[in-house]
Amino acid sequence: MSGRGRHVVLRMGQNMPLLGLGCSQMGGEKLSAAVTAALDAGYRLIDTAYAYENEGVVGEALHRWLGRTGTPREVVFVVTKLPTIGMHAGGPEKFLKKSLDQLRLDYVDLYLVHTPFGLKAKSDTDVFPRDDKGYPCLDDATDIISVWKEMEKVAKAGLAKNIGVSNFNIKQMRKVIANATFLPAVLQVELSVYIQQPQVQEYCRRQNIVITAYAPFGSPDRFNTGCRSGSSPCDGDGGCGWVLEDPVVRLVAENHSVTPAQVLLRFLVQQNIATIPKSANPTRIAQNFDIWGFKLTETEMEALKTRDKGEAGRRFGSNYFPLFKWVSDHPEYPL
Ligand SMILES: NC(=O)c1ccc[n+]([C@@H]2O[C@H](COP(=O)([O-])OP(=O)(O)OC[C@H]3O[C@@H](n4cnc5c(N)ncnc54)[C@H](OP(=O)(O)O)[C@@H]3O)[C@@H](O)[C@H]2O)c1
C-alpha cells in the first residue's frame, strides 16, 4: 500500500482520503450542519451506514454543498455499509440500492460489510431486530463467503468502486480472501492509541488492505460511564482513562501546540491508517482536519505506541457496547 500525502491508494488504484467525517449518532439539522462544515473545512471523505438511518440527510447536505461550490461528485469519497440485517442472499444489492437512493448517488466509493454476523429482520427498517423477550434475532445461517460473493457482484455492476469489510477478525478475513475474486480493499475497525491492534495492522499490510480506524478518540459520547466527571466529551479533569486525557498524548500535543485530538489523528495518518473522527461541533470539525502542518517525530511515535492497552483499550467489545454484548452467541461473533 502506498500513500500520497493526504490519501492512501486502494488496491484498485483509487485514492482514498486518510481523514474523513464519521456520521454515526447524528441526524437532522445537526448532521446536515456537520457534513457542510466538514466539506467547507476540506474533508473529502464522508462515512455513513444504512444502520445509522441518516443517509438521506448526508445525501441532501452533500448535494447542496456540491451545487453551491460547483464541485463534481467524484471529488468526495462516500462510504456506506451493508447492514447486519442484509447478511443474506440478495442483501448486498438490495441494501446498496436503498443506500444509493437515500444518498442520491449512482455509486459509492466504498461499500463495507458492516459486521461479520447477521440478524434476521421482519422489515428493512428494523435495523436491530429483537424477539419478544428483547433478545437479538441472530441469523445463525450467516455465510460470510457467499455475502462476499454478492459484494463482488455490486462492485462488478459499478454500484461500488471499492468493497471491504468492517469488524472482521483475521480469521474471518482469511476465510473471505481464500474464496475471493476481488479482495477487500479496506478493513474498518476500532483502532486508536489505546487499541492499536498490531497483528491486524501487520496482516493488513501484508494483504494490501487499508485500515480505517473508527473511534480514534475512544467514542467518549457513547461510553461516558467510564468518565469520572460523566461529561461528554471529556472535560479535561484527567485520570478517567480516556485516550484524549492520556498524559503522553497531552505532552506530545504541548510539544506541537496542538490539541490531544490532533495528535491522536496525526498518529494514525502518519502510519497510512485512515480515520473518521465524528464531531457535531463545527469548530472541532475544522480543528480535527488541521493536522497536515505538523509531523510527529519518531520518538513521539514510539512513545505513543507504548500507550497501547491491547484488548483493555477496546470500547466496542462485549464489556461496553450493547450490540456486541447481545450478539456474542452468534457463530461469526468476531471478538
Ligand atoms: N464500522 C463500525 O462498526 C463503526 C463503529 C463505530 C464508529 N464507526 C464510524 O467511526 C466514526 C467515529 O467513531 P465514534 O463516533 O464512535 O467515536 P470518536 O470519533 O472516537 O469520538 C466522537 C466523540 O468525540 C468528540 N470529539 C470530536 N472531536 C473532538 C475534539 N477535537 N476534542 C474532544 N472531543 C472531540 C465528539 O464530540 P462532539 O460531537 O461534541 O464534537 C464525540 O463525542 C463514527 O461516526 C462512524 O462513522 C464505525
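Keep in mind that what you see is a predicted model, and the values were worked out from it rather than measured. (Residues numbered from 1 in each chain as written. Predicted model: local features only at pLDDT ≥ 70, side-chain atom pairs only at ≥ 80, totals over all residues.)

Section: the overall build of the protein chain
Move 1: When its secondary structure is counted, the protein chain shows eleven helices and eleven strands.
Move 2: In terms of C-alpha radius of gyration, the protein chain reaches 19 Å, essentially the compact-globule figure of 20 Å for 335 residues.
Move 3: Considering only C-alpha atoms, the protein chain reaches an extent of 55 × 50 × 40 Å along its principal axes.
Move 4: Going through the 335 residues of the protein chain one by one, you find that 46% of them count as buried. (Helix = DSSP H or I, 4+ residues; strand = E, 2+ residues; numbered from the N terminus. Rg over C-alpha atoms; globule rule 2.2 N^0.38 Å. Buried ≥ 20, exposed ≤ 12 C-beta atoms within 10 Å, placed from the backbone.)

Comments concerning the site of the ligand
Move 1: For the ligand, the set of nearby residues contains 32 residues, the closest of which are Gly22, Ser219, Asp221, Ala261 and Lys278.
Move 2: Here the element with the most residues in the shell around the ligand is helix H9 (residues 282–289); it accounts for three residues. (Near = placed C-beta within 6 Å.)

Some remarks on the packing of helix H2 (residues 55–69) against helix H3 (residues 91–103)
Move 1: Interaxial distance between H2 and H3 falls to 7 Å at its minimum, and their mutual angle equals 45°. As judged from the angle between their axes, H2 and H3 are oblique. Each of Glu55, Gly56, Val58 and Gly59 in H2 lies in contact with H3, whose residues at this interface are Ser99, Gln102 and Leu103.
Move 2: Partitioned by chemical class, the residues of the contact of H2 with H3 number two nonpolar, four polar and one charged. (Axes fitted to C-alpha atoms, helices over the stretch in contact; angles between N-to-C directions. Parallel < 35°, antiparallel > 145°, perpendicular 65-115°, else oblique. Contact = placed C-beta atoms within 7 Å. Nonpolar A, V, L, I, M, F, W, Y, C, P; charged D, E, K, R; others polar.)

Comments concerning unusual backbone geometry
Move 1: For Gln197, which is not a glycine, the phi torsion comes out positive at approximately 50°.
Move 2: As for its placement among the helices and strands, Gln197 is situated in the loop between strand S9 (186–190) and helix H6 (198–207).
Move 3: Assessed through the 23 C-beta atoms surrounding it within 10 Å, Gln197 is described here as buried.
Move 4: The phi torsion at Ser219 lies on the positive side, around 50°, for a residue other than glycine.

Points about the pairing of strand S10 (residues 210–214)
Move 1: Most of S10 sits out of view: five of its five residues are buried.
Move 2: Going residue by residue along S10, you find Val210, Thr212 and Tyr214 tucked away on one face and Ile211 and Ala213 tucked away on the opposite face as well.
Move 3: In the sheet, S9 pairs with S10 via five bridges, with the strands oriented parallel. In the strand pairing of S10, Val186 is matched with Val210.
Move 4: Taken together, S9, H6 and S10 constitute a β-α-β crossover, and its handedness is right-handed.
Move 5: Strand direction decides the pairing type here: S10 and strand S11 (residues 274–275), joined by two bridges, are parallel. (Pairing = 2+ DSSP bridges. Right-handed = clockwise from strand over helix to strand, strands pointing away.)

What about the packing of helix H1 (residues 28–41) against H9?
Helices that pack against each other are described as a pair by the angle of their axes relative to one another and the distance between those axes.
Move 1: Interhelical geometry of H1 versus H9 gives an angle of 35° and a closest axis separation of 9 Å. Note on packing geometry: the crossing formed by H1 with H9 is right-handed. Contact residues: Ala33, Ala34, Ala37, Ala38 and Ala41 in H1; Pro282, Ile285, Ala286 and Phe289 in H9. (Left-handed = near helix turned anticlockwise from the far one by under 90°.)

A closer look at the sheet that holds S11
Move 1: Here eight strands make up an open sheet; going across it, the order is S4-S5-S6-S7-S8-S9-S10-S11 and the pairing parallel. The open sheet terminates on both sides in strands that have one partner only, identified here as strand S4 (21–22) and S11.
Move 2: Judged from the two bridges that link them, strand S8 (residues 163–166) and S9 form a sheet pairing that is parallel. Paired with Ser166 across the bridge in S9 is Gln188.

Concerning the confidence of the model for the protein chain
Move 1: On average, residues of the protein chain score 93 in pLDDT, and 94% of them are at 70 or above.
Move 2: Low confidence marks residues 225–239, where pLDDT is under 50. Its contacts with residues over four positions away, or in another chain, come to 26 contacts. (pLDDT = per-residue confidence, 0-100.)

Let's talk about the environment of Leu21
Move 1: Relative to the helices and strands, Leu21 is located in strand S4.
Move 2: With 26 C-beta atoms packed within 10 Å, Leu21 lands in the buried category.
Move 3: For the pair Leu21 and Asp246, spaced 225 residues apart in sequence, the C-alpha separation works out to 23 Å.

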